[in-house]
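# Report on the structure
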Amino acid sequence: MSNSVLFDAPGPRTMVRHRLYALATAVALLGLAWYVFDGFNDAGQFDFEKKWEVFTTPDYIRALLVDGLFKTLQMAFGAILGAVAFGVVFGIAKMSDHWWIRWPATVIVEFFRAVPVLLLMVFAWFTLGIKEDSSSFWAVVIALTLYNGAVLAEVLRAGINAVPKGQGEAAYAVGMRKTQVMSNILLPQGVKIMLPSLVSQCIVALKDTALGTLVLAPGLTKVGTQIYLEFNNRVPTMFVVATLYISVNMLLMLLANWLQKRYVGEKKLKVAHVGGGFATGAGGAGGAGGNV
Amino acid sequence: MEAVTENWDLFFRSFGYTVALFLIAAVLSMIFGTLLCALRVGPVAIMRAAATTYVTLVRNTPLVIVFAFFSFASPMFGLTFGFLDVHIGQFDFTEAFGAAVVSLTLYTSTFVCEALRSGINSVPLGQAEAARAVGLTFGGTMTQVVLPQAVRASVPPLASVQIAMLKNTSVAAAFGILEAVAQMRRFTNNFSSQRTEIFVCFALGYIVLVLLLSFAANRLERRWRVA
């Protein structure tokens with residue numbers, strides 16, 4: 001339903017009323033912006049020399065981009081690669097004809113979907129040893145792999161279910177085996193449908209890398225902490241880190257939208273929420289529940 | 001096992017905080033999310049633009065940063081939650097709790113907005129056209145005709161959003177609230193040899209909560225199913 005269906009084309013009096021609303025909104029937004037700006041300004045947060053100059057210093061830019069953004073992306077994409085493997089294995093296992101494969105796979109997938117990533121992260125961190133240097137990096141990667149893998153398993157199942165039934169039936173009719181039907185017919189088409197959801201899941205993984213602060217993981221949040229501890233500029237650092245996260249996520253969102261338009265169209269994946277039931281949406285970045 | 005079995009009171013109190021955070025933020029995010037959604041599909045262009053910008057920005061920000069904003073940045077322009085000082089039984093709801101509720105609400109409401117918008121898109125065109133034809137205004141069309149049907153259609157995605165929010169309450173652990181993950185971390189620190197048992201106990205706690213929520217959502221969905 002497009003927007004315009006919800007209201008009539010405004011007449012002259014409505015037009016005036018809408019202008020008033022627009023004016024009131026603009027004033028309120030500007031007021032809010034001024035209030036926030038003024039507060040930060042009074043607290044000296046816009047003092048370029050003291051608070052912001054560090055972000056124009058090449059060494060610190062390098063630290064932010066290389067030790068920060070790059071490490072964060074490394075964690076996120078490591079996790080997504082692992083998650084794709086996990087998701088393919090468990091997603092297919094969940095659709096197995098043998099109950100002794102299907103049930104354990106279902107339990108594992110539902111378990112990791114129902115448990116907060118942070119809980120997994122803390123547990124992985126303690127298990128790997130909190131004294132080890134690399135343990136927090138791997139704790140983040142492992143936790144994100146398990147969680148996103150479980151979600152992708154469900155997405156994969158939804159993607160394969162979204163392939164028209166006739167495809168599988170035709171493949172069986174020409175004498176293909178179960179494995180051939182899955183790997184030659186269903187998976188390639190299912191993957192195409194789930195591509196936008198996969199990219200949306202990358203956004204989730206990337207955002208969740210920020211949870212690594214709780215386990216002292218490297219990446220943007222750590223570099224940010226080091227910078228604000230040194231220069232006492234917590235708020236500017238927060239804005240810079242948030243901007244970096246938001247820019248990468250927006251790029252991914254554009255990619256997901258493009259993939260949705262290019263390969264999927266209007267079709268929405270039906271991904272069940274934990275414990276059953278079917279959620280519509282989650283298809284593409286415009287999708288609903290999938291990528292919180 | 002003793003770490004948890006001898007400290008059931010701490011275990012349940014920590015989940016008490018989780019549930020309290022969840023319930024309050026769930027109600028608030030539903031309300032605020034619906035408002036945002038109305039702004040996003042409404043007739044006033046500037047409101048639409050503002051709501052769209054807000055949703056796009058906040059949706060793509062890590063929740064940790066939203067929390068950090070309300071814990072460290074907002075006090076600079078005078079937005080603090082120091083006035084919050086409620087004590088019920090053994091639970092203390094103070095400054096950190098207020099900041100956590102606001103962060104969770106503002107973050108989750110963007111997803112509520114998107115879920116509702118996908119619900120609105122699934123309402124047949126003729127419904128809104130008919131509503132306009134009988135002379136309802138935008139407000140009337142939304143509250144009387146479109147939203148009631150959209151809410152029914154968006155029960156499953158809204159359930160996903162709220163389940164995710166229940167799990168997201170764990171972020172509050174990093175901001176001074178002794179909810180389940182913070183308590184789990186504390187237990188694991190003190191009894192590191194029992195970390196697996198501790199992890200399983202807390203995971204089961206979350207699973208029970210998620211399943212309850214999921215069960216309720218399924219019931220609602222069946223009851224409200226649009227034919």
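These numbers were taken from a predicted model, which means no experiment stands behind them.

## Some words on the packing of aromatic side chains
Under the defined criterion, the tally for this structure stands at 38 aromatic pairs over all chains. Between the aromatic rings of Phe86(A) and Phe90(A), the centroid separation amounts to 4.4 Å while the plane-to-plane angle is 25 degrees, which identifies the pairing as stacked. Here Phe90(A) and Phe86(A) lie together in helix H3 (residues 58-94), a separation of four residues that amounts to about one turn. Under the relative-accessibility criterion, Phe86(A) is labelled buried at 13%. The interplanar angle of 85 degrees and the centroid separation of 5.3 Å between the aromatic rings of Phe11(B) and Phe12(B) together place this pair among those described as edge-to-face. One aromatic cluster is present, formed by Trp34(A), Tyr35(A), Phe37(A), Phe40(A), Phe46(A), Phe239(A), Phe69(B), Phe70(B) and Phe77(B) through successive ring pairs. Arg234(A) extends its terminal NZ or CZ atom over the ring of Phe72(B), reaching a point 3.4 Å from the ring centre. When the ring centre of Tyr263(A) is taken as reference, the NZ or CZ atom of Arg262(A) above it lies at 5.0 Å.

## Some points on a positive patch on the surface
All names here are of chain B. On the surface, a cluster of positive charge is contributed by Arg219, Arg222, Arg223 and Arg225. In this structure, Arg222 sits in helix H10 (residues 195-224). Judged by its relative accessible area of 57%, Arg222 falls in the exposed class.

## Thoughts on the packing of helix H7 (residues 165-173) of chain A against helix H8 (residues 178-208) of chain A
Pairs of packed helices are described in terms of their axes, by the angle between the two and the distance that separates them. All names here are of chain A. Interaxial distance between H7 and H8 falls to 10 Å at its minimum, and their mutual angle equals 150 degrees. Both H7 and H8 take part in a crossing whose hand is right-handed. Judged by residue contacts, Gln167, Gly168, Ala171 and Tyr172 of H7 engage Lys178, Val181, Ile185, Leu186 and Gln189 from H8. Split into classes, the residues belonging to the contact of H7 with H8 amount to five nonpolar, three polar and one charged.

## Describing a nonpolar patch on the surface
Together, Leu23(B), Ile24(B), Val27(B), Leu28(B), Met30(B), Ile31(B) and Leu35(B) give the surface a local cluster of nonpolar side chains, amounting to about 600 Å² of exposed area. Of note, Ile31(B) is situated in helix H2 (residues 8-41).

## Observations regarding helix H4 (residues 99-114) of chain A
The end-to-end C-alpha separation of H4(A) is 22 Å, in line with the 22 Å expected for 16 residues at 1.5 Å each. Among all positions in H4(A), only Ala105(A), Val109(A), Glu110(A), Phe112(A), Arg113(A) and Ala114(A) are buried.

## A few points about the confidence of the model for chain A
All names here are of chain A. Mean pLDDT over chain A works out to 86, with 92% of the residues at or above the 70 mark. When mean pLDDT is taken per element in chain A, H7 scores highest with 94 and helix H2 (residues 48-52) scores lowest with 79. Counting contacts from residues 277-290, a segment whose pLDDT is below 50, to residues more than four positions away or on other chains yields 55 contacts.

## Points about the side chain of Thr105(B)
Tracing the backbone through its elements, the reader meets Thr105(B) in helix H5 (residues 95-122). Those residues in contact with Thr105(B) that lie beyond four places of it in its chain are Ala25(B), Leu28(B) and Ser29(B).

## Considerations on the interface of chain A and chain B
Taken together, the contacts link 65 residues of chain A with 75 residues of chain B. Linking chain A with chain B are one salt bridge. Arg132(B) is the partner of Asp8(A) in a salt bridge, and the nearest nitrogen-oxygen pair spans 3.0 Å. Listing elements by their share of the side of chain A that touches chain B, those giving two or more residues are helix H1 (12-42), H4, helix H5 (117-128), H8 and helix H10 (234-264) of chain A. In terms of residue class, the side of chain A that touches chain B is made up of 43 nonpolar, 18 polar and four charged.

## Looking at the nonpolar core
Ranked by size, the top nonpolar core spans 158 residues in total, and within it Leu6(A), Leu119(A), Met121(A), Ile120(B) and Phe202(B) carry the most contacts. The element that contributes the greatest number of residues to this core is helix H6 (residues 135-161) of chain A, accounting for 15 residues. The residues contacting Leu119(A), other than those within four sequence positions of it, are Val181(B), Met184(B), Phe199(B), Phe202(B), Ala203(B) and Tyr206(B).

## Examining the packing of H2(B) against H10(B)
All names here are of chain B. The interhelical angle for the contact between H2 and H10, taken along N-to-C directions, is 35 degrees, at an axis separation of 11 Å. In this structure, the crossing between H2 and H10 has a hand that is right-handed. Taking contact as the criterion, the partners of Phe11, Ser14, Phe15, Thr18, Val19 and Phe22 in H2 are, on H10, Cys201, Phe202, Gly205, Tyr206, Leu209 and Leu213. Residues of the contact of H2 with H10, tallied by class, amount to nine nonpolar, three polar and no charged.

Cut-offs applied
Throughout this document, residue positions are counted from 1 along each chain, in the order its sequence is written. Each chain gets a letter, beginning with A, and each ligand a number, beginning with 1, in the order they are written. Predicted model: local features are reported for residues with pLDDT of at least 70 only, side-chain atom pairs are reported and counted for 80 or more only, and whole-chain, interface and lining totals are derived from all residues. Calculation of side-chain values draws on the structure's entire complement of heavy atoms; hydrogens and water are dropped beforehand. By convention, a stacked pair of Phe, Tyr or Trp rings (six-membered ring in the case of Trp) has centres within 6.5 Å and planes under 30 degrees apart, an edge-to-face pair has planes over 60 apart, and any other such pair is tilted. Think of it this way: any DSSP run of H or I at least four residues long counts as a helix, any run of E at least two long counts as a strand, and we number them from the N terminus. The cut-offs for exposure are 20% and 50% of the maximum accessible area for each residue type, with area from a 1.4 Å probe on protein chains only; residues under the lower value are buried, those over the upper are exposed, and the others partly exposed. Two thresholds decide whether a charge sits over a ring: the Lys NZ or Arg CZ must be within 6 Å of the ring centre and within 35 degrees of the ring normal. Each patch is built from residues that are more than 30% exposed by relative accessible area and take part in no salt bridge. Like charges join if they lie within 9 Å; nonpolar side chains (Val, Leu, Ile, Met, Phe, Trp, Tyr) join within 5 Å. Each accessible area is a Shrake-Rupley estimate made with a 1.4 Å probe; only the visible protein chains count as cover when residues are assessed. Salt bridge, as applied in this entry: a Lys or Arg side-chain nitrogen positioned within 4 Å of an Asp or Glu carboxyl oxygen. A positive count includes Lys and Arg, and a negative count includes Asp and Glu. His and the chain ends are not counted in either. Think of each charge as sitting on NZ of Lys, CZ of Arg, CG of Asp or CD of Glu. Here an angle of 0 to 180 degrees is reported between the N-to-C directions of two axes, which are lines fitted to C-alpha atoms, with helices fitted over the stretch in contact. What makes a crossing left-handed is the near helix being turned counterclockwise from the far one by less than a right angle; a clockwise turn instead makes it right-handed. What makes two residues a contact is simply this: any of their non-hydrogen atoms within 4.5 Å. Ten residues, namely Ala, Val, Leu, Ile, Met, Phe, Trp, Tyr, Cys and Pro, are considered nonpolar, four, namely Asp, Glu, Lys and Arg, are considered charged, and the remaining ones, Gly among them, are considered polar. Helix span, as expected, comes to 1.5 Å for every residue beyond the first. Values of pLDDT, which run from 0 to 100, indicate the predictor's confidence residue by residue. For our purposes a nonpolar core is just a set of buried Ala, Val, Leu, Ile, Met, Phe, Trp, Tyr and Cys residues, chained together by side-chain atoms within 4.5 Å.

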